[in-house]
Amino acid sequence: LSFSKESSGINAEYGEVVSIEGVEVEEGVAKKVLKQLEYYFGDRNLPQDRFMLREVAVDNGWISLDTMLNFKRLANICNDKAQIAKIVTDGKSELLQLNEENNKIRRNPEKPLPKGTEAEKNTSNAKTVYVKGLSTDMTIDAAEQWFEVHGAMAYIKMRKDAENKFKGSVFAEFSNQADCDAFLAKGELKSGDEVVTKMLRADYYKEKNQKMKDTKNEKRSAQLGDTNAATAPVEVENVEYEKGLVLRVDGLEGTELTREQFKDVFEGKGLEWVTFNKGDPKANLRFAKSAMEALESVKVDGKFIVSEKELSVTLIEGDEEEAYWKESARAKAEFFQRKRKGDAGRGGRSRGGFRSKRGRRE
């Protein structure tokens, strides 16, 4: 048994029918709503949004408007289901579809998500910029207005600190390469009275990683007491190791993932070591026992997801696995070589002299 939209506003099979007859929406609101919905279901957000991925898997891609209004940003723009349905209907979006009852929305099945090939990731990275020097009071709407004069944007990520306050910097991807190139080629740009720093996101991570490595090396040299001492390279010919303990995670360049986030995902799963610096294109994860068992135990719907991002992960084998263990052994040997040299430079392990067999300072 079913009821018509006009007679009851209820459909026994599909639930509440949302009537859009006579509904009017301000043009500015309509543009913002349509843009926000296309972002939620877009190539950039949907593959990485764990909540959205779970919802679209339940009902052939459909998500109710009630569920969509749980997103604060959408609700702050418009919290009226009839108006949202009207906007999607009149907007003629190629990406979005509304069901007959006007109460559910989905991504157009004829617009499948890209498979995320290495070429596509490289294309995305090539038109994604880092901008610093924006006002810490800036909102996402203000950021969109600041960027829109430079070209159409695929997304803008407001970078937040540990207290969830805007840091004054963003990662932003242009919709096309030409606009990105033109933006970077422009001279001095300002946000208010402050000149902003702008560069490719990949260059930002390269600079940051190099600074981190330099700082780490300086601290290590200072701790070892010999900032000028050079260590002879250690060569490792043969190394014994247990197979099947190391995973390689690819496609990390341009993300903001950290070692700590990998540790959180695999907490209690025997993760022993993470070889990764923020901005690196890949990470190696070493486990005490079977790496694949650990991986399977943390997958969500068969996918490996870290911080709402689906990642490509592989068990390293053969020559790659042997090379990993050799490099690990070499790094460990060089560390202890530097440490011994530092201890020798300080006159041994103790301070202020040496200890006799009785433990008394002489």
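Predicted model, so just to flag it, every value in this text is computed and none were measured.

Colleague: Can you walk me through helix α1 (residues 27-40) in this structure?
Modeller: Since the α-helix packs 3.6 residues into each turn, any two residues three or four apart lie on the same face. Spanning 14 residues, α1 covers 20 Å between terminal C-alpha atoms, matching the ideal 20 Å at 1.5 Å per step. The set of residues buried in α1 consists of Val33, Leu34, Gln36, Leu37 and Tyr40. Along the axis of α1, the buried positions cluster into a sector of 165°, meaning they face one direction only. Of the residues in α1, the exposed ones pointing more than 90 degrees away from the buried face are Glu27 and Lys31. Packed against the buried residues of α1 are α2 (50-56), α3 (65-68), α4 (72-77), α5 (81-91), β4 (96-98) and β5 (104-107).

Colleague: Would you explain α5 in this entry?
Modeller: Among the residues of α5, Lys81, Ala82, Ile84, Ala85, Ile87 and Val88 are the ones counted as buried. Two to three positions downstream of the cap, the backbone nitrogen of Ala82 sits 2.9 Å from a side-chain oxygen, assigning the N-cap of α5 to Asp80. Backbone geometry just downstream of α5 places Lys92 in the positive-phi region, at approximately 50°.

Colleague: What exactly am I supposed to notice about the pairing of strand β6 (residues 128-132) here?
Modeller: A regular strand carries its side chains on alternate faces of the sheet. The buried fraction of β6 amounts to four of the five residues, a majority that puts the element mostly inside the structure. Where β6 and strand β8 (residues 166-174) come together, five bridges link them in antiparallel fashion. Bridging from a neighbouring strand, Thr128 pairs with Glu173 of β8. As judged from the four bridges shared by β6 and strand β11 (residues 197-200), these two strands associate in the antiparallel manner.

Colleague: Sorry if this is basic, but what is going on with the sheet that holds strand β14 (residues 283-287) here?
Modeller: The pairing of strands in a sheet comes from backbone hydrogen bonds and takes either a parallel or an antiparallel form. As summarised here, the arrangement of the four strands in space is β13-β14-β12-β17, forming an open sheet in which the pairing is antiparallel. Edge positions in the open sheet fall to β13 (271-275) and β17 (312-315), since each of these has one partner strand only. Taking the axes of each pair of neighbouring strands and ignoring which way they run, one obtains an average angle of 20° across the sheet. For strand β12 (residues 246-250) and β17, the ladder comprises four bridges, and the chain directions are antiparallel. Its bridge partner lying in β17, Asp250 is registered against Ser312.

Rules and cut-offs
- Along each chain, residue indices are assigned from 1 in the same order as the chain's sequence is written.
- Given that the model is predicted, a residue must reach a pLDDT of at least 70 before its local features are reported, and side-chain atom pairs must reach 80 or more before they are shown or counted; all residues, however, enter totals for whole chains, interfaces and linings.
- Each side-chain value is worked out from all heavy atoms of the structure, with water and hydrogens disregarded.
- Put simply, DSSP H or I for four residues or longer makes a helix, DSSP E for two residues or longer makes a strand, and each gets a number counted from the N terminus.
- Any helix carries an expected span of 1.5 Å times its number of residues minus one.
- Each residue is placed in one exposure class: buried if its accessible area under a 1.4 Å probe, protein chains only, is under 20% of its type's maximum, exposed if it is over 50%, and partly exposed if it falls in between.
- Arc definition: it is the arc formed by the directions from the helix axis to the C-beta atoms.
- By definition in these notes, contact holds between two residues if any of their heavy atoms fall within 4.5 Å.
- We call two N or O atoms a polar contact when they sit within 3.5 Å, provided that within protein one can donate a hydrogen and the other can accept it, with sequence-adjacent residues counted only if both atoms are side-chain atoms.
- Two strands qualify as a pair provided that DSSP identifies no fewer than 2 bridges between them.
- Here the axes come from fitting lines to C-alpha atoms, over the contacting stretch only for helices, and the angles between their N-to-C directions go from 0 to 180 degrees.

That's the geometry; what it means functionally is another story.
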